Amino acid sequence: MTDTALSAMPAAVNVPAAPASTTSLTAKTRRRRALAYLQAAPMALVFAVFFLVPLLLTLIVSFWEYNEYEIIPSFTVQNYFDVFEGCFSPAEACTTVRTYVSTLKFCVLTWACTLVIGFTVAYFVAFHVRSRTMQMALFLVCTIPFWTSNVIRMISWIPLLGRNGLVNYTLMGLGLIKAPIEGLLYSDFSVVLAFVHLNTVFMIVPIFNSMARIDRSLIEAAYDAGATGWQTLWNVVVPLAKPGIAIGSIFVVTLVMGDFVTVGVMGGQQIASVGKVIQVQMSALQLPAAAANAVILLGAVMLMIVAMTRLIDLRKEL
Amino acid sequence: MDVELISLTKRYGNTVAVDGIDLKVRSGAYCCLLGPSGCGKTTTLRMIGGHETVSSGDVVIGPRAVGDATPAERGTAMMFQSYALFPHLNCRDNVAFSLRMRGVGKAERRAKALAMLDLVQMAHLAERLPAQLSGGQQQRVALARALVTGPKVLLLDEPLSALDPFLRVRMRTELKRIQAELGLTFIHVTHSQEEAMALSDLVVVMNGGRIEQAADPRTVFERPATAFVARFIGGHNVIRLPDSTEIAVRADRMRLGLQAGPEAVPARVVSVEYQGTSVHVGFEADGLGATALTAILDDAAYAGRPLALGETVPLGWDAAAAHRLSA
């Protein structure tokens, strides 16, 4: 390691705490500061190229005009008006509102299911499995489904849930039903099922991480204080697992809000979602309209995350 | 309430952590379980508190054997080594926790919690979170939390080991004061003989899952039962006599030079430590077993006749101070 690298390391830590008076800076501290910025530069660059620039472009394009055969770089808010077309008449909910309601419904259902399953699995692995090795092994087992692609995992539900699929076949064979159940596939049920299947692991990982950091003596202290198992769960484990629950919830909510593949495949291309709307507009090359929709979706998701972080101060909890 | 252990045993697979111990602690006593790490003292404490299942034998608290009863049913409360305060609750809610679990109303449990915090002089910090408190303050809160339900027996698992020496002595006094004030039975696990001496009415010296000696501190110090107790309690020389019996002699009853008496043997000075009121001198002597010997000399006497390292002097002891050890 070179001398400069050594001297730069404390600088990275010290810079934020340094007083604002820059007048009395020596050449050495100035060089250290420059080095600290240099060290942060690669990440900043990646962030700018892959996040800030595309976002900015989307924002710009959302104000462009378009017609059947061309996109015109100009400034108009017509795209945003189009999104909310008919939304201000009290008679009937407009398409956008109905689409958002439908997407939000999936979001809430998926969030509730993944939270219950994720919390249970994480609790089991963190508190009921005694050996560290076994914990890690089970934890890895949870990630095995991720070795195949999302789409393949979705499609593999189809032979199971279809009208003549395994589930209907088995139930009829057992004599439990006379006619096949129609709503198993290409329905809200199959969409939520696939969402839960795909996203539960994003709940398990952060919640497990939070739970693994809970001091076991706290559980004993609760027992000593006369708490029952459920009381301990509700009064000690849940509050201390909150950061994990919040992070998992943010993952799941953002993934479901922006999804169009799962809704498409599992809904038989018949169910609307915000992501689906954007995708359809993109394939029709109505890029400005798609951009406007994307910006509104981004705003909506950010509002939801702000609401969640209001409930749990993540920075404090971490 | 009286606490009695009857051939209490704890096995983990093939290892025996606690090996059939019998002990009676009378109501209102301050009992210290003393021993090196791994001697089974914490396991014993946890079995009394219902945090560890009993392999065989019984724990009797008051009139009845407690079996598999929960800590609340036993009337015990535990103070944990790491305090185990709930990090998401402030001091008042930490103390009120067990009352809340029992369904005590908000106003009542808050009042009780504040009264308990007052007892440990922490009422002014009731709104603070544990992370905002010093180690000593956290300990006081943990003590208040353990006491709030009015347990009959308080179990303390190395409560002072995480504190700095100065605070340790202060908290020691505090513990003793609270114990006397409330008249509870305290069972306190420690590996510090100094702590055990200072606090307890009953010192239980443990080693290898067994009780070596259970007696009041003075008896343990004056008449240690075994060589292990004499060595662990400190301040003793364990000497093997020519007829291969072992005796313990208090280090401050060793005699040098002319006062050394008829049994004196030549001994070489290997260390001299000045301690203020006394001087600790380390000796090596061939005739008196393999172990190093210590003599604690009065500082004035030492100043009158200082010793140099390597010097050889006759070393003996008060015949009356020799205490015969059981094998």
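Residues numbered from 1 in each chain as written. Chains lettered and ligands numbered in written order. Predicted model: local features only at pLDDT ≥ 70, side-chain atom pairs only at ≥ 80, totals over all residues.

Quick notes on the overall build of chain B
- Looking only at helices and strands, chain B has 10 helices and 18 strands in total.
- Taken over the C-alpha atoms alone, chain B extends approximately 75 × 45 × 30 Å along its principal axes.
- The buried share of chain B, reckoned over its 327 residues, is 40%.
- Intrachain contacts of chain B at a sequence separation of at least 6 include 62% that bridge at least 24 residues. (Helix = DSSP H or I, 4+ residues; strand = E, 2+ residues; numbered from the N terminus. Buried ≥ 20, exposed ≤ 12 C-beta atoms within 10 Å, placed from the backbone. Contact = placed C-beta atoms within 7 Å.)

Topic: the sheet that holds strand 3 (residues 30-34) of chain B
Residues and elements named next belong to chain B.
- Ordered in space as 6-7-8-3-9-10, the six strands form an open sheet in which the pairing is mixed. Looking at the sheet topology across the chains shown, the edges are occupied by strand 6 (76-79) and strand 10 (210-215). In this sheet, neighbouring strand axes are inclined to one another by 20° on average, regardless of whether the strands run parallel or antiparallel. (Pairing = 2+ DSSP bridges. Axes fitted to C-alpha atoms, helices over the stretch in contact; angles between N-to-C directions.)

Regarding the sheet that holds strand 15 (residues 278-284) of chain B
Residue and element names in this part refer to chain B.
- The strand order across the open sheet built from five strands is 13-17-14-15-16, with neighbouring strands paired in antiparallel fashion. The sheet is open, and its two borders are formed by strand 13 (254-256) and strand 16 (293-298), each paired with just one other strand. Neighbour-to-neighbour, the strand axes of this sheet turn through a mean angle of 50°, independent of strand direction.
- Bridge count between strand 14 (residues 265-274) and strand 15: six bridges; the pairing is antiparallel.

Section: the pairing of strand 11 (residues 236-240) of chain B
All names here are of chain B.
- Of all five residues making up strand 11, four are buried, and the element is well covered by its neighbours.
- Pairing of strand 11 with strand 12 (residues 246-250) involves five bridges; the strand directions are antiparallel. Bridging across to strand 12, His 236 finds its partner in Arg 250.
- If you look at the hairpin formed by strand 11 and strand 12, you'll find five residues sitting between the two strands, and Ser 244 has a positive phi there, around 60°.

What to know about the domain arrangement of chain B
- According to the domain assignment, chain B contains domain 1 (3-222) and domain 2 (238-324).
- Using only C-alpha atoms to locate each centre, domain 1 of chain B and domain 2 of chain B end up separated by 39 Å. (Domains from an automatic or database assignment.)

Looking at the interface of chain B and chain A
- At the interface, 16 residues of chain B touch 14 residues of chain A.
- Elements with a contribution of two residues or more to the side of chain B that touches chain A: helix 2 (71-74), strand 6 and helix 3 (91-101) of chain B.
- Element by element, the count of residues in the side of chain B that touches chain A is highest for helix 3 of chain B, at three residues.
- Here the side of chain B that touches chain A is composed, by residue class, of nine nonpolar, six polar and one charged. (Nonpolar A, V, L, I, M, F, W, Y, C, P; charged D, E, K, R; others polar.)

Details of the UniProt feature "domain: ABC transmembrane type-1" (unreviewed entry) in chain A
- UniProt annotation of "domain: ABC transmembrane type-1" (unreviewed entry) refers to residues 100-308 of chain A when read in the numbering used here.
- Secondary structure within residues 100-308 of chain A divides into 77% helix and 0% strand; the distance between the first and last C-alpha atoms comes to 18 Å. (UniProt positions renumbered as here; feature names shortened; annotations may be inferred.)

A short note on the packing of helix 3 of chain B against helix 5 (residues 135-147) of chain B
Residue and element names in this part refer to chain B.
- Their axes nearest at 7 Å, the elements helix 3 and helix 5 cross at an angle of 25°. Here helix 5 runs roughly parallel to helix 3, going by the angle between their axes. In this structure, helix 3 crosses over helix 5, and the sense of that crossing is right-handed. The segment helix 3 lies against helix 5, with Cys 91, Asn 94, Val 95 and Phe 97 engaging Val 141, Ala 144 and Arg 145.
- Its residues assigned to classes, the contact of helix 3 with helix 5 shows five nonpolar, one polar and one charged. (Parallel < 35°, antiparallel > 145°, perpendicular 65-115°, else oblique. Left-handed = near helix turned anticlockwise from the far one by under 90°.)

Focus: the domain arrangement of chain A
- Domain parsing of chain A yields domain 1 (3-56) and domain 2 (78-317).
- Domain 1 of chain A and domain 2 of chain A are separated by 38 Å when their C-alpha centres are compared.

Considerations on the nonpolar core
- Within the largest apolar cluster, 134 residues are counted, with the highest numbers of intra-cluster contacts made by Leu 155, Ile 187 and Val 204 of chain B.
- Looking at which element gives the most residues to this core, the answer is helix 9 (residues 188-212) of chain A, with 11 residues. (Core = buried A, V, L, I, M, F, W, Y, C linked by C-beta atoms within 7 Å.)

Looking at helix 6 (residues 165-182) of chain B
- Taking 1.5 Å per residue as the helical rise, helix 6 of chain B with its 18 residues ought to reach 26 Å, and the 26 Å between its terminal C-alpha atoms agrees with that figure.
- Two residues or fewer past helix 6 of chain B, Gly 183 of chain B is found with a positive phi of approximately 65°. (Expected span 1.5 Å × (residues − 1).)

Notes on the pairing of strand 3 of chain B
Residue and element names in this part refer to chain B.
- Most of strand 3 is tucked away, with five of its five residues classed as buried.
- Alternating positions in strand 3 separate into two faces, Tyr 30, Cys 32 and Leu 34 on one and Cys 31 and Leu 33 on the other, with burial throughout.
- In this sheet, strand 8 (residues 185-190) lies alongside strand 3 in parallel orientation, the contact comprising five bridges. Directly across from Tyr 30, in strand 8, lies its bridge partner Phe 186.
- In the sheet, strand 3 pairs with strand 9 (residues 202-207) via four bridges, with the strands oriented parallel. Opposite Leu 34, over in strand 9, you have Val 205 as the bridge partner.

Digging into the confidence of the model for chain B
- Per-residue confidence for chain B gives a mean pLDDT of 88; residues scoring 70 or more make up 98%.
- The complex model carries a pTM of 0.79, and its ipTM stands at 0.83. (pLDDT = per-residue confidence, 0-100.)

Focus on the environment of Arg 100 of chain B
- Locating Arg 100 of chain B in the fold gives a position in helix 3.
- Taking the number of C-beta atoms within 10 Å as the measure of exposure, Arg 100 of chain B has 20 and is therefore buried.

Here's the deal with the UniProt feature "transmembrane region" (unreviewed entry) in chain A
Residues and elements named next belong to chain A.
- As recorded in UniProt, the feature "transmembrane region" (unreviewed entry) lies at residues 40-64, 108-129, 136-158, 189-208 and 287-312.
- The span residues 108-129 is 95% helix and 0% strand, and its two end C-alpha atoms sit 30 Å from each other.
- What you have in residues 189-208 is 100% helix and 0% strand, and the ends, taken at the C-alpha atoms, are 27 Å apart.

Looking at unusual backbone geometry
- Of note in this structure, Ala 84 of chain B is not a glycine but carries a positive phi near 50°.
- Relative to the assigned elements, Ala 84 of chain B resides in the loop between strand 6 and helix 3.

With respect to the environment of Ala 300 of chain A
- Within the element layout of this structure, Ala 300 of chain A appears in helix 14 (residues 287-311).
- According to the C-beta neighbour criterion, Ala 300 of chain A is partly exposed, with 15 such atoms within 10 Å.

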